[in-house]
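Letter by letter, the chains look like this.
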Amino acid sequence: MSDWLRELENALRPGQVSVSPSILDLHSHDESYHTPHRPDAVVFPESTDDVVAVMRVSQRYQIPVVPFGVGSSLEGHVVPVRGGITVDTSRMNRILAISPDDFLVQVEPGVTRKQLNAALRSYGLMFPVDPGADASLGGMAATNASGTTTVRYGAMRDNVRAITVVLADGRVIRTGSLAAKSSSGYNLTGLFVGSEGTLGVFTELWLKLVGIPERTLAARAVFSTVAQAVQTAVGLVGSGVPVTRVELVAPAYIAAFNQVNGTAYAVKPTLFLEFGGAPQAVREAVELAQSIASDEGCQEWLAVGDEAERNQLWEIRHEAAHTFMRLYPGRKHMATDVCVPLSKLPEAIADAEALLTEHGVHGAIIGHVGDGNFHVSLAVQPDDPAELARANAFNAALVARAVAVGGTCTGEHGVGLGKRKYQALEHGPALDVMQAVKRALDPDGRMNPGKLIDPLDASGGSSLQRA
Ligand SMILES: Cc1cc2nc3c(=O)[nH]c(=O)nc-3n(C[C@H](O)[C@H](O)[C@H](O)COP(=O)(O)OP(=O)(O)OC[C@H]3O[C@@H](n4cnc5c(N)ncnc54)[C@H](O)[C@@H]3O)c2cc1C
């Protein structure tokens with residue numbers, strides 16, 4: 001046994017360090033097409049002090065550290081490309097404080113979104129950020145996750161009030177405050193949210209809460225063209241209607257759903273909508289939304305209020321990615337994630353459809369269209385270099401167009417390994433500033449090396465250390 005591993009075991013309690021091959025395998029990958037790589041050890045901290053102990057060993061022996069939530073990320077974020085220690089936060093899963101009058105909750109990072117919402121229900125409160133997967137709140141903060149409700153409630157960066165972070169050298173800091181606003185100091189909370197485990201390990205988070213809407217209605221609107229559906233979404237956002245979700249599902253996904261489940265939904269561009277608020281306001285919102293959709297050429301409109309009916313109405317959207325991948329057994333998921341200013345969205349989606357044909361790639365479009373964010377899901381064979389090259393070329397063309405109109409290569413999934421190559425294009429000289437921040441906080445390049453802004457080679461070696 002190596003010295004660092006012995007020291008790690010001595011610093012923690014029995015059962016908190018694992019080198020079992022099955023545990024290493026579980027922590028070698030995320031949900032994407034990126035090549036797995038095992039860590040050398042996985043630790044299961046139960047407190048901030050445990051994480052500090054891990055960081056001290058990492059510093060003494062110069063061992064990389066990769067924080068891990070539930071591993072649902074989509075760009076190889078948790079793949080330990082240089083081995084080292086994976087810090088799995090699943091045992092740090094306590095809800096530490098609920099403060100209903102402040103609309104705040106304090107959690108450990110391993111608490112999952114569904115776990116938190118189950119605990120909040122009796123208070124009439126909820127945590128609104130919904131990336132689909134039952135991700136950990138630490139992982140969601142670290143990727144600045146967002147999703148179907150962002151059009152109404154914002155992304156993680158809008159909903160994290162304060163974070164306790166263990167830095168690479170073992171120092172513990174708390175960013176932010178519990179106040180609703182502050183003009184004090186640099187916005188370190190905003191910096192750490194979205195840092196993808198490259199600046200420190202979060203061990204506690206204070207999150208903002210909202211009231212569960214008194215009334216919720218869901219609707220589905222079927223169109224003959226994607227452009228009509230997208231124009232409806234743009235019109236809805238512009239009208240100020242209290243819409244909580246506006247999701248586009250393109251025909252390829254619906255055909256996949258019908259094929260897998262034996263259903264007969266119209267294989268046409270479809271908007272899935274949800275409205276929440278006071279009963280009268282919601283009723284009026286649905287009426288206005290229906291008339292906007294109808295002006296854009298909506299062919300079929302269905303609105304329901306009962307919870308079971310709402311879930312059924314939304315089933316295609318909720319199951320979209322998993323259903324699509326079931327058509328391609330053995331293949332891996334590559335999801336593009338561009339986000340553009342709303343006015344550019346219709347053109348960006350039309351471009352994506354044309355680029356799919358141009359690159360000879362089969363993909364399905366799904367979008368958080370109220371935010372200008374959409375994904376093209378591709379089922380790729382990672383072992384086929386020609387196919388992977390076509391998919392990457394498609395993704396690169398999409399990103400170039402998004403950045404050219406003022407957008408971003410990733411609206412919500414984050415950069416991880418897969419989108420590092422677009423960071424210089426998107427950020428220009430600001431990338432140097434980001435790398436200076438990284439060097440200041442992690443001079444040895446031990447925190448999740450090879451990710452986000454690390455301009456490294458394919459081998460996985462960190463080039464920040466050499467810079
Ligand atoms: C079917 C499907 C649909 C999805 N849809 C969406 C979507 O709509 N929107 C969206 O935003 N995402 C979506 N995702 C991606 C995914 O759910 C998010 O990236 C999620 O926020 C990551 O949380 P996690 O717990 O899985 O983190 P992990 O995957 O374990 O880690 C993600 C990153 O966070 C870092 N990290 C984890 N915990 C900590 C910590 N305590 N401190 C510091 N860094 C940490 C890791 O090092 C890594 O870089 C989807 C994924 C799937 C599989």
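Thresholds applied
Residues numbered from 1 in each chain as written. Predicted model: local features only at pLDDT ≥ 70, side-chain atom pairs only at ≥ 80, totals over all residues. Helix = DSSP H or I, 4+ residues; strand = E, 2+ residues; numbered from the N terminus. Buried ≥ 20, exposed ≤ 12 C-beta atoms within 10 Å, placed from the backbone. Contact = placed C-beta atoms within 7 Å. Axes fitted to C-alpha atoms, helices over the stretch in contact; angles between N-to-C directions. Parallel < 35°, antiparallel > 145°, perpendicular 65-115°, else oblique. Left-handed = near helix turned anticlockwise from the far one by under 90°. Nonpolar A, V, L, I, M, F, W, Y, C, P; charged D, E, K, R; others polar. Near = placed C-beta within 6 Å. Pairing = 2+ DSSP bridges.

A.B. asks: Looking at this model, I keep getting lost on the overall build of the protein chain. Mind explaining?
C.D. replies: On a plain count of helices and strands, the protein chain comes out with 17 helices and 18 strands. By its C-alpha atoms, the protein chain is 70 × 55 × 45 Å across when sized along the principal axes. Classification of the 467 residues of the protein chain by burial places 50% in the buried group. In the protein chain, the share of contacts with a sequence separation of at least 24, taken over all contacts with a separation of at least 6, comes to 70%.

A.B. asks: Where do I start with the packing of helix H14 (residues 345-359) against helix H15 (residues 385-404) in this structure?
C.D. replies: When two helices pack together, you describe them by how their axes are tilted relative to each other and by the distance separating the axes. In the contact formed by H14 and H15, the axes pass within 10 Å of each other and the chain directions differ by 155°. Relative to H15, the element H14 is oriented roughly antiparallel. In the crossing of H14 with H15, the sense of the turn from one axis to the other is right-handed. Facing Ala348, Asp351, Ala352, Leu355, Leu356 and His359 of H14, the residues of H15 in contact are Arg390, Ala393, Phe394, Ala397, Leu398, Arg401 and Ala402. The residue inventory of the contact of H14 with H15, partitioned by class, reads nine nonpolar, one polar and three charged.

A.B. asks: Help me understand the site of the ligand, please; the structure alone is not making it clear to me.
C.D. replies: Close to the ligand lie 36 residues, the nearest being Gly69, Gly138, Gly139, Ala142 and Gly197. Within the residue set of the shell around the ligand, elements represented by two or more residues are strand S3 (65-68), helix H5 (137-142) and strand S10 (200-208). Per-element tally for the shell around the ligand: the top contributor is H5, with four residues. Tallied by class, residues from the shell around the ligand come to 16 nonpolar, 16 polar and four charged.

A.B. asks: Sorry, what's going on with helix H10 (residues 251-261) here?
C.D. replies: Turn by turn, an α-helix covers 3.6 residues, leaving residues three or four places apart pointing in a common direction. Every buried residue of H10 is listed here: Ala252, Tyr253, Ile254, Ala256 and Phe257. Where the residues of H10 are buried, they touch strand S13 (243-249), strand S14 (270-277), helix H13 (315-326) and strand S17 (363-368).

A.B. asks: How should the sheet that holds strand S1 (residues 17-18) be read in this particular structure?
C.D. replies: Across a sheet, strands are paired by hydrogen bonds formed along the backbone, either parallel or antiparallel in direction. One open sheet accounts for four strands, arranged S1-S2-S4-S3; its pairing is mixed. Since the sheet does not close on itself, it has two edges, and those belong to S1 and S3, each with one partner. Note: S3 against strand S4 (residues 85-88), four bridges, orientation parallel. Its bridge partner being in S4, Phe68 is matched across the sheet by Asp88. Sheet strands in contact with helix H3 (residues 48-61) are strand S2 (41-43), S3 and S4, and its direction is about 170° off that of S4.

A.B. asks: Please explain the environment of Val267 as it appears in this structure.
C.D. replies: Secondary-structure assignment places Val267 in the loop between H10 and S14. Under the C-beta neighbour-count criterion, Val267 is labelled partly exposed, with 16 such atoms within 10 Å. For Val267 and Pro251, which are 16 residues apart along the polypeptide, the C-alpha to C-alpha distance reads 4.9 Å. Apart from the residues lying within four places of it in its own chain, the contact partners of Val267 are Pro251, Ile254, Ala255 and Asn258.

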